[in-house]
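Each chain, letter by letter, is given below.
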Amino acid sequence: MAYRHTLGVAASTLALAVTCLAGAAPASAATTTSFSTTVSIAAERSASGLPSAAEIEEAKKDKDSTNAMIARLEASLASSRAELLQAETAAAEAQESLLTAGEERDLRTADAEKAVQQLEYAKQYLEQSQTDLGAIASDIYRNGAGNSTLGILLNSDDSNDLFYKAATIDTLSQQQVQSVNSATEAEALVSAWESYADAAQSAANEAAANYDASASTANSTLAAYQSSIKPEQELRDELISNLAGLKDQEEAEVRKQVEEQEEAERETALQETISAEDAPVIKPSQTGTIQPLAVDAPQELEVDQSTAKPTVKPKPEAQPLDTVDTATPTAAPQPESAPKPQKTETPQAEETQAPAETPKAEETPAPKETPKATQKPKETPKATQKPKETPKATQKPKETPKATQKPKETPKATQKPKPKPEKTEAPKQEQDIAPQGGGRSYGAAISWAMKTASDNSKYYVYGANGPSAFDCSSFSQRAFGQSGISLPRTSTQQFFAAPQYVSLNNLRPGDLVFSSSNGGSSFYHVAIYIGNGQVVHARNPNAGISVTPLSWVNNLHSKAARY
């Protein structure tokens, strides 16, 4: 199998000494500054710490010396691999933070722009209200009321006599009262939108600065990771060559032994993760979401285009609910019109029984005039019988359901791509992709993911959203979209938005597995489980998009997400 995933970091010769075998720094402890320092130190030691050809030959003379040198070289390989995984983790975490920072920046910017627009609307609304209010004052003055009466009405001082206010209100029409209320409301909206716009702009500036800082960190960690790949490959090749010389074996044979040993270590780590005690998933509050502003958004305004001169007015908050309610009655008559043919069919059965029932009704009631009245309506069913010809016309559409049954054959056509992953994987998948007892089908998602992984024109780019370049979370998002399942954008959001979590020993195709370096507080990688201990995922810029064993997912979290 390909070994690109297991290469070590260029700084790994730090562990050329046997005592450094267990000294690899944990991935979660990496930071931008300390990481770059680690790389530079390791790069310096890789030039002087490797055993020379003379040291190799000298070690061959004594069995103990040979074993000690082999242990030294194996320690360097282990440290090399751990260092590269650490670099990859640091880069992935930084890119995950950059995605989140980008989402917050875009949202805050949109909020600030909306606040500026709403503030402008509020000012226009206030200007309109003040114009209307001035017209009211002029009208009151012309009609003999003093301007002071309007001031009494607008004054909220409790010391004012209510009788004066009542007298003033009597002089105002209902429309004038509404204008006065609108002016008061407009002043309050202008003040509220000014406060909100200030808060939104401040948050937008902070989000933009945070994004810039995240971008700087992402760029530095990505550069460190990419620059370490080639030196570490060269270091690995040299260490394996030295091991081959010590063991008197071919390099290809030694390389295979090293890869098998590393695969066994990964499998051991996977089994330890699977057998670990299950801990409940605790969703942190607001994880992966953006905190609301400290100031609540005021009531929104809109431009009314229905008037001769467009005016600004507050957008009614309860109107959407009313419109939904009014829309449902209009949609409700449609199903009523559909059952009408059924109602015409049921009267047919009732009409056949009606002749038998009506004589009984004629025998029981004494007045014969009432049956005559009832007989007259019998002519109306005859009128209804005439429309029976229309149901015949409605019966013709009954053939359309037969036409609708034809599309049922098209899903069969859509199911054809499902066998594609079955050819690449074990046939057990076809039962797992479509879970028994109902539930969602992930066949289209897995089929698309497998096809994309085998397409050489598709590749990995941090932060990419397709159609040719993807990162891990955009890859899973696009794949699940093929099955009609909507996923959030980032790995952390995809984990915490899941409706269900399962243990790794209960995985089935379509589950999402994640990488975390902090115990599940956040996540930096996601992969799609496809069955038989394998996953398909967009891995990194070096490895691209491919199918790998589940054990190749670094820092695998003990819980998987099921949508």
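Quick word on the overall build of the chain
Phase 1: Tallying secondary structure elements over the chain gives 19 helices and 10 strands in all.
Phase 2: Residues counted as buried form 36% of the 563 residues belonging to the chain.
Phase 3: The contacts of the chain with a sequence gap of at least 6 include a subset with a gap of at least 24, amounting to 71%.
Phase 4: Accessible surface for the chain amounts to roughly 31,200 Å². Of this, 53% is attributable to carbon and sulfur atoms.

A look at the nonpolar core
In summary, soluble globular proteins display a tendency toward joint burial of nonpolar side chains.
Phase 1: Within the largest apolar cluster, 38 residues are counted, with the highest numbers of intra-cluster contacts made by Tyr225, Phe475, Phe480, Leu512, Ile528, Val536 and Tyr563.
Phase 2: With six residues, helix α17 (residues 443-453) is the largest single contributor of residues to this core.
Phase 3: Excluding residues within four positions of it along the chain, Ile528 makes contact with Ala449, Phe475, Ser476, Ala479, Phe480, Asp511, Leu512, Gln534, Val535 and Val536.

Structural notes on the pattern of salt bridges
Phase 1: Across all of its chains, the model carries 13 salt bridges by this definition.
Phase 2: The salt bridge involving Glu263 is made with Arg266; its shortest N-O contact spans 2.5 Å. Within this pair, Glu263 and its partner Arg266 are both found in helix α7 (residues 251-275), separated by three residues, close to a single helical turn.
Phase 3: Accessibility expressed as a relative area gives 17% for Glu263, which makes it buried.
Phase 4: As a salt-bridge pair, Lys313 and Asp304 come within 3.6 Å of each other at their nearest N and O atoms.
Phase 5: By relative accessible area, which is 34% here, Lys313 ends up partly exposed.
Phase 6: Among the ionic contacts, a cluster of salt bridges with common partners joins Lys114, Glu300 and Lys315.

Section: the environment of Tyr442
Phase 1: Among the structural elements, Tyr442 can be located in the loop between α16 (429-433) and α17.
Phase 2: Relative accessible area serves as the criterion here: at 1%, Tyr442 is assigned to the buried category.
Phase 3: Distance from Tyr442 to Asp511, taken between C-alpha atoms, is 9.1 Å for residues 69 residues apart in sequence.

Focus on the pairing of strand β1 (residues 301-304)
The side chains of a regular strand alternate between both faces of the sheet.
Phase 1: Relative to strand β2 (residues 311-314), β1 runs antiparallel, the two being bridged by four bridges. Across the sheet, the residue bridging to Val303 is Val312, located in β2.

Points about α17
Phase 1: With nine of its 11 residues buried, α17 lies for the most part within the structure.
Phase 2: Turning to α17, its buried residues number three or more, namely Gly443, Ala445, Ile446, Ser447, Trp448, Ala449, Met450, Thr452 and Ala453.

Quick look at the packing of aromatic side chains
Phase 1: Summed over all chains, the structure comprises 13 aromatic pairs.
Phase 2: Relative to Tyr196, the ring of Trp193 has its centre 5.5 Å away and its plane inclined at 90°; by these criteria the two rings are edge-to-face. With Trp193 and Tyr196 both in helix α6 (residues 174-247) and three residues apart, this pair spans about one turn of that helix. The residues Trp193 and Tyr196 share a single accessibility class, namely buried.

Description of the packing of α17 against helix α18 (residues 472-481)
If you want to describe how two helices pack, look at the angle between their axes and the distance between the axes.
Phase 1: One can describe the packing of α17 onto α18 by two numbers: an axis separation of 7 Å at closest approach and a directional angle of 130°. One way to sum up the angle between α17 and α18 is to call them oblique. For the crossing formed where α17 meets α18, the hand is right-handed. Counting all contacts with α17, which are made through Ala445, Trp448, Ala449 and Thr452, the residues of α18 involved are Phe475, Arg478, Ala479 and Phe480.

Concerning the confidence of the model for the chain
Close inspection of predicted coordinates is inappropriate for parts of the model with low pLDDT.
Phase 1: Of the residues in the chain, 62% have a pLDDT of 70 or more, and the chain-wide mean is 73.
Phase 2: Of the regions scoring below 50 in pLDDT, residues 1-48 engages in 100 contacts with residues more than four places distant in sequence or in other chains.
Phase 3: Overall, residues 319-432 carries pLDDT values under 50, and its contacts beyond four positions in sequence, including any with other chains, amount to 38 contacts.

A word on the side chain of Ser551
Phase 1: For Ser551, the location among the structural elements is in the loop between β9 (544-549) and β10 (559-562).
Phase 2: A residue is classified by how much of its surface remains accessible, and Ser551, at 9% relative accessible area, is buried.
Phase 3: At a separation of 3.3 Å, a polar atom in the side chain of Ser551 contacts the side chain of Glu263.
Phase 4: Once residues within four sequence positions are removed from consideration, Ser551 is found in contact with Glu263, Arg266, Glu267 and Leu270.

A look at α7
Phase 1: Look at α7: 36 Å from first C-alpha to last across 25 residues, which is about the 36 Å you get at 1.5 Å a residue.
Phase 2: Of all the residues in α7, the buried ones are Val254, Val258, Glu262, Glu263, Arg266 and Leu270.

Looking at the environment of Val254
Phase 1: Structurally, the position occupied by Val254 is in helix α7.
Phase 2: In sequence terms Val254 and Leu243 are 11 residues apart; their C-alpha atoms lie 7.2 Å from each other.

Details of unusual backbone geometry
Phase 1: Each neighbour pair has its own omega, and for Gly466 with Pro467 the value is 5°, a cis peptide bond.
Phase 2: Residue placement: Pro467 occurs in the loop between β3 (459-460) and β4 (469-470).
Phase 3: For Asp248, which is not a glycine, the phi torsion comes out positive at approximately 55°.
Phase 4: In this fold, Asp248 is placed in the loop between α6 and α7.
Phase 5: For Asp248, a relative accessible area of 65% puts it in the exposed group.

Cut-offs used in this document
Residue numbers restart at each chain and count upward from 1, following the sequence in its written direction. Totals for whole chains, interfaces and linings use all residues, but because this is a predicted model, local features are given only for residues with pLDDT of at least 70 and pairs of side-chain atoms are given and counted only at 80 or more. Hydrogen atoms and water are omitted, and side-chain values are computed over all heavy atoms in the structure. Going along the chain from the N terminus, every DSSP run of H or I of four or more residues is numbered as a helix, and every run of E of two or more is numbered as a strand. Note on classification: 1.4 Å probe, protein chains only; a residue is buried when its accessible area is under 20% of the maximum for its type, exposed when over 50%, partly exposed between these limits. Any two residues whose heavy atoms approach within 4.5 Å are treated as being in contact. Here the accessible surface of atoms and residues is derived via Shrake-Rupley with a 1.4 Å probe, and residues count as covered only by protein chains that are part of the display. Nonpolar cores were defined as sets of buried Ala, Val, Leu, Ile, Met, Phe, Trp, Tyr and Cys residues, with membership established by side-chain atoms within 4.5 Å. For this document, the term salt bridge refers to a Lys or Arg side-chain nitrogen within 4 Å of an Asp or Glu carboxyl oxygen. In this description, strands pair whenever DSSP reports at least two bridges between them. Aromatic rings from Phe, Tyr and Trp, with only the six-membered ring used for Trp, were paired whenever their centres fell within 6.5 Å, and each pair was classed as stacked if the ring planes differed by under 30 degrees, edge-to-face if by over 60, and tilted otherwise. Every axis in this analysis is a line fitted to C-alpha atoms, fitted for helices over the stretch in contact. Angles between the N-to-C directions lie between 0 and 180 degrees. By definition in this entry, angles of less than 35 degrees are roughly parallel, angles greater than 145 are roughly antiparallel, angles of 65 to 115 are roughly perpendicular, and the rest are oblique. Should the near helix be turned anticlockwise from the far one by less than a right angle, the crossing is termed left-handed; should it be turned clockwise, right-handed. The predictor rates its confidence in each residue with pLDDT, a number between 0 and 100. We define a polar contact as two N or O atoms separated by no more than 3.5 Å, with the added condition that, inside protein, one atom must be a possible hydrogen donor and the other a possible acceptor, whereas residues neighbouring each other in sequence contribute only through side-chain atom pairs. One less than the residue count of a helix, multiplied by 1.5 Å, gives the span that helix is expected to have.

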